[in-house]
Amino acid sequence: MRRSDGALPDRALLSPLAAGLLLAALLSTATGIVGHGIYFLTHEVWQFSDGDNLLLAAAMFLPYVPAALLSGRAVGRFGARRAVVGITLGMVACAAGLAAEPAAGWVWVLAPLYNAGAGMLWPMVEAGVVSGQRGAGLYRSVGWFNLCWAGALAPSLWLVHEAGSRVDVVFGALIGLQLLALLAVPFLRTGGDHGAAGGEVPGEWRALLRAARVLLPLSYLLLDCVVPMLPGIWGRLGVESGALLSPVWMVARFLTFGVLIFSRSWQGSAAVLFGGALLLAGGVAGVLLAPWAGGAA
């Protein structure tokens, strides 16, 4: 129940931070089904080739950034909570269409529309986690946010593995996750500025920031080229449980976040930034070359 001034009561069921983290975890599992798991379904159910999956990935992620840029306008017009609810319900409608196992042509429409909704939604979730925080509290909130969304991605692929080719089960679970996430929305923090982490930012960090702004989208470009091809790669290697094994890189990322959240010695280190870039490039190359290295046809 809200007080007469519209604020949450002092003893709300969820703190704003807990609500934001819960929302991030549930939505990460849900969006992971479309962003990562759908390629196993298109490969098995709709008989997509590696090339088809790559084209689908491009169709899904081209609208993602423009949609994210519209997130602030949506919040300004409708308010954060209403915008989250409205976008989530739109994504649920797309998922319901996919759950019906439509003709392959509809996958090219519904999956990109769903992902555009995710692009609009995630900045709102992130803002709900960090809004009004500064200093050490901001560091901790960002760290736990990264752990929550990263740790919730692997279950999305495990769900796809367990469901097999049951499209209705996979997307039915997605719908349930997104509707469950709406229970956290009333407890989100929607006001307050996003302060700096505290202290003067060293000058050399600005150069690292510029490098990170190039490396981060490049990392997603590389991953989004590999992920759609994983069903075909596993198939050429003769592995039937590809959806079960594919999240190994997600688990590695989650563990890395776990190390970083409890240490600040890495901050400002160019070696960590570029070392990560080299590991990413090497891992992507290894995955793409695996069928040939293993002697697969």
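Note that the structure is a prediction, hence the values are computed from the model and not measured.

Conventions we followed
Residues numbered from 1 in each chain as written. Predicted model: local features only at pLDDT ≥ 70, side-chain atom pairs only at ≥ 80, totals over all residues. Heavy atoms only, no water. Helix = DSSP H or I, 4+ residues; strand = E, 2+ residues; numbered from the N terminus. Rg over C-alpha atoms; globule rule 2.2 N^0.38 Å. Contact = heavy atoms within 4.5 Å. Areas by Shrake-Rupley, 256 points an atom, 1.4 Å probe, with all protein chains shown as cover. Lys, Arg positive; Asp, Glu negative; His and termini not counted. Charge placed at Lys NZ, Arg CZ, Asp CG, Glu CD. Buried < 20%, exposed > 50% of the residue type's maximum accessible area, 1.4 Å probe, protein only.

Considerations on the overall build of the protein chain
Then step 1. From N to C terminus, the protein chain includes 14 helices and 0 strands.
Then step 2. Taken over the C-alpha trace, the protein chain has a radius of gyration of 20 Å; the compact-globule value for 297 residues is 19 Å, and the two agree within 12%.
Then step 3. The C-alpha extent of the protein chain, read off along each of the three principal axes, is 65 × 45 × 30 Å.
Then step 4. Long-range contacts, defined as pairs at least 24 residues apart, comprise 86% of the intrachain contacts of the protein chain with a sequence gap of at least 6.
Then step 5. For the protein chain, the exposed surface amounts to about 15100 Å²; the carbon and sulfur share of it is 68%.
Then step 6. Taken as two groups, the 17 positive and 14 negative side-chain charges of the protein chain have centres that lie 14 Å from each other.

Some words on the side chain of N53
Then step 1. When you line up the elements, N53 lands in helix α2 (residues 50-61).
Then step 2. Take N53: its relative accessible area is 0%, and that puts it in the buried class.
Then step 3. Dropping the residues within four chain positions of it, N53 is found in contact with Y39, T42, H43, F48, P228 and P231.

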